[in-house]
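Spelled out, the chains give:
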Amino acid sequence: MSSSSKASDGGEQQRLVCVTGAGGFIGSWVVKELLQRGYRVRGTARGPADCKNAHLLALEGAKERLTLCRADVLDRDSLRAAFAGCHGVFHVASPVSNDPELVPVAVEGTRNVINAAADMGARRVVFTSSYGAVHMDPNRSPDAVLDETCWSDYEFCKKTDNLYCCAKMMAEITAAEAAARRGLELAVVVPCMTMGPMLHQPRSVSSNHHVALYLMGIKETYPNAVAAYVDVRDVARAHVLVYERYPASRGRYLCIGTVLHRAQLVAMLKEFFPQYPVTARCEDDGMPMAKPYKFCSQRLKDQSLEFTPLRKSLYEAVLCMQHKGHLPAIKPQQQRAYL
Ligand SMILES: NC(=O)c1ccc[n+]([C@@H]2O[C@H](COP(=O)([O-])OP(=O)(O)OC[C@H]3O[C@@H](n4cnc5c(N)ncnc54)[C@H](OP(=O)(O)O)[C@@H]3O)[C@@H](O)[C@H]2O)c1
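Numbering of residues begins from 1 in every chain and follows the order in which that chain's sequence is written. Totals for whole chains, interfaces and linings use all residues, but because this is a predicted model, local features are given only for residues with pLDDT of at least 70 and pairs of side-chain atoms are given and counted only at 80 or more.

Enquirer: Help me understand the nonpolar core in this model?
Expert: Proteins that are soluble and globular tend to have nonpolar side chains buried together. Each nonpolar core comprises buried Ala, Val, Leu, Ile, Met, Phe, Trp, Tyr and Cys residues, the members being joined through C-beta atoms within 7 Å. Exposed residues have 12 or fewer other C-beta atoms within 10 Å of their own C-beta, buried residues have 20 or more, and residues in between are partly exposed; the C-beta atoms are placed from the backbone. Among the nonpolar cores identified, the biggest contains 99 residues, and Val89, Tyr253, Cys255 and Val318 are the most heavily contacted of them. The dominant element in this core, judged by the number of residues it contributes, is helix H7 (residues 163–182), at nine residues. Setting aside chain neighbours within four positions, we find Val318 in contact with Val211, Leu215, Phe272, Phe273 and Leu327. Per the convention used, a helix needs a DSSP run of H or I reaching at least four residues, while a strand needs a run of E reaching at least two, with both numbered from the N terminus. Residue pairs qualify as contacts under a 7 Å threshold applied to their C-beta atoms, which are placed from the backbone.

Enquirer: What should I look at first to understand the sheet that holds strand S12 (residues 258–261) in this one?
Expert: Strand pairing in a sheet takes place through backbone hydrogen bonds and is either antiparallel or parallel in direction. Across the sheet, three strands lie side by side as S8-S10-S12; this open sheet has mixed pairing. The sheet is open, and its two edges are formed by strand S8 (193–195) and S12, each paired on a single side. Going from strand to strand, the sheet's axes swing by 45° on average, the running direction of each strand aside. Only strands joined by at least two bridges in the DSSP assignment are considered to pair. Sheet topology places strand S10 (residues 226–231) next to S12; four bridges connect them, and they run antiparallel. If you follow Tyr229 over to S12, its bridge partner there is Thr258. A fitted line through C-alpha atoms represents every axis, and for helices the fit uses only the stretch in contact; the resulting angles, taken between N-to-C directions, go from 0 to 180 degrees.

Enquirer: Could you clarify how one ought to interpret the pairing of strand S11 (residues 251–255) in this entry?
Expert: For a regular strand, side-chain orientation follows a simple rule: the groups alternate between the two sheet faces. The element S11 is largely enclosed, with a buried count of four among its five residues. Pairing analysis gives five bridges linking strand S7 (residues 185–191) to S11, with the strands arranged parallel. The residue of S11 that forms the bridge with Val189 is Tyr253.

In structure tokens:
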């Protein structure tokens, strides 16, 4: 069965599920995937009536099967109200920030979500972690394969001011401990740098941001570094797949499509959009190039997830940023063969 087709087993889709942070980049795609598969969905936002969430109500199936409600992860009563009657909760909401004041929001917010889900009789939670909780370990051998057993080095993240990684590590551990204590079924999706078209109209362009900066030549150089990428639609599918395949699916699911050197990313941009003044110089000119590390997303592939090629995600992300006014629209010279 294709990972995007409707599952036919178990009547899961008749059930009500809740998505926290429904209006964000990933949350919006999770809502869309659930609606497409026939679920009844309740989405939370801190300002559900805010125009930044209006795109959700325009999704196919939203009129019949989507409601939005107000919830803050620090307000337990609002979470309990949001989860009433839900069989499952997708906990996507989190501050995406290195601000030290927001670390407790990610961690306590996660504890509150798990407890509220258990209080209201939900059975399953899917938690959105981050590869920031997995790959930041300076002592990992370059030959080691990054997989679900890996954790970032907390002290290293703290010392290097990667407080977002600290927050996601602590939030994930909190989710696992609280779910075990409360008898909830938990699956954890661990996405890396998430790319692709946006359903929402963000104030900034989140993880597509560095692409916009390179495309416009605003960054004078790119780093001599590698990064892991995944398409936002694959991340959303992964959430729903691991939700539906419980108890066969539990624990962590590393969600990585590819690992690339920044030079390769920039070369793709130049190839697709030669009209833009794409950043062309590496900050480490003349030094040996950082090598891509090995990774294993086999657990998700075993759930029939097929990863979208980064070329497609990147191309569609740029078209979307043009469409939403984050980039001046300069058309590519020709339609690319893969599309
Ligand atoms: N984008 C990536 O590359 C990436 C990679 C790995 C993991 N992730 C994880 O994926 C999740 C979603 O990230 P994203 O990229 O979609 O970010 P995003 O667009 O900024 O969405 C974040 C969401 O969190 C919500 N939120 C923040 N603070 C909240 C609070 N106190 N109470 C309730 N909701 C709150 C926001 O809701 P409001 O509408 O109420 O502001 C927003 O909908 C996060 O858990 C992030 O750590 C993202």
